[in-house]
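In case you want the letters, here they are:
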Amino acid sequence: MSHHRETVDAAGAPAAVGPYSHAVKAGGLLFCSGQIPLDPESGELVGETAAQQARQCLENLSVVASAGGAQLADAVRCTVYLTDMGDFAAVNEVYGEYLGESLPARVAYGVAALPKGAQVEIDAIIALLD
């Protein structure tokens, strides 16, 4: 593996549902793979509403951030994927609870479908402390 990047395996986060790492450290940043609302123990979807699912996505991202030596509050960019843009406001409310102090840049996309039938997926790029 190149010394310019280091993969992160986050114990306590749901197992990846494909051939990817939980995160990769490179250039002072932690690039976190998208998290869908999976229970880390069972691997099953959690939450019936998009807001409930967003909460689990953010909990999972917090575990990944911690495994990479950071915290979600240090995010510089997040991407939110929604299968129904009508859930935008409800997801924003939960998102604000987790990232409301110093908001990162963000993009939100409406998508046709997400893995395992999830309604929400969230990824992050997090600044690492020197």
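Source: prediction; values computed, not measured.

*Asks:* Explanation requested: the packing of aromatic side chains in the structure shown.
*Replies:* When we look at a pair of aromatic rings, we describe it by the centre distance and by the angle of the planes. As enumerated under the stated definition, the model contains one aromatic pair in all. With 5.8 Å between their ring centres and 20° between their planes, Tyr81 and Tyr109 make a pair best called stacked. In this pair, Tyr81 is assigned in strand β4 (residues 75–82) and Tyr109 in strand β5 (residues 105–110), connecting sequence segments 28 residues apart. Under the relative-accessibility criterion, Tyr109 is labelled partly exposed at 41%.

*Asks:* Help me understand unusual backbone geometry, please; the structure alone is not making it clear to me.
*Replies:* Residues other than glycine predominantly adopt negative phi, and peptide bonds predominantly adopt the trans conformation. Even without being a glycine, Lys116 presents a positive backbone phi close to 60°. Relative to the helices and strands, Lys116 resides in the loop between β5 and β6 (120–127).

*Asks:* What am I meant to see in the pattern of salt bridges here?
*Replies:* When the charged atoms of two side chains lie near each other, side chains of opposite charge can form a pair. This structure, assessed with the given rule, holds one salt bridge. The partner of Arg55 in a salt bridge is Glu97, and the shortest N-O contact between them spans 2.9 Å. Of this pair, Arg55 sits in helix α1 (residues 50–67) while Glu97 sits in helix α2 (residues 88–99), placing them 42 residues apart in sequence.

*Asks:* How should the sheet that holds β4 be read in this particular structure?
*Replies:* The strands that make up a sheet pair up through hydrogen bonds in the backbone, lying either parallel or antiparallel. With mixed pairing, six strands are arranged side by side in an open sheet as β1-β2-β3-β6-β4-β5. The open sheet terminates on both sides in strands that have one partner only, identified here as β1 (6–8) and β5. Here the strands of the sheet are splayed against their neighbours by 15° on average, with no regard to which way each runs. Bridge count for strand β3 (residues 29–35) against β6 is five bridges, and the pairing is antiparallel. From the neighbouring strand, Leu30 faces β6, where its bridge partner is Ile126.

The rules behind the values
- Position labels on residues start from 1 in each chain and follow its written sequence.
- Only residues with pLDDT of 70 or above have their local features reported here, since the model is predicted, and side-chain atom pairs are shown and tallied only from 80 upward, although totals for entire chains, interfaces and linings are computed over all residues.
- Excluded from the side-chain calculations are hydrogens and water; all other atoms, namely the structure's heavy atoms, are used.
- To pair, rings of Phe, Tyr and Trp, with the six-membered ring standing in for Trp, must have centres within 6.5 Å; the planes then decide the type, stacked if under 30 degrees apart, edge-to-face if over 60, and tilted in the middle.
- A run of DSSP states H or I qualifies as a helix once it reaches four residues; a run of E qualifies as a strand once it reaches two. Both are numbered from the N-terminal end.
- Only protein chains enter the calculation, and the probe is 1.4 Å; a residue is then buried if its accessible area is under 20% of its type maximum, exposed if over 50%, and partly exposed in between.
- What counts as a salt bridge is simple: a side-chain nitrogen of Lys or Arg found within 4 Å of a carboxyl oxygen of Asp or Glu.
- Pairing between two strands requires that DSSP report at least two bridges joining them.
- Axis lines are fitted through C-alpha atoms, for helices just across the contact stretch, and the angle between N-to-C directions can take any value from 0 to 180 degrees.

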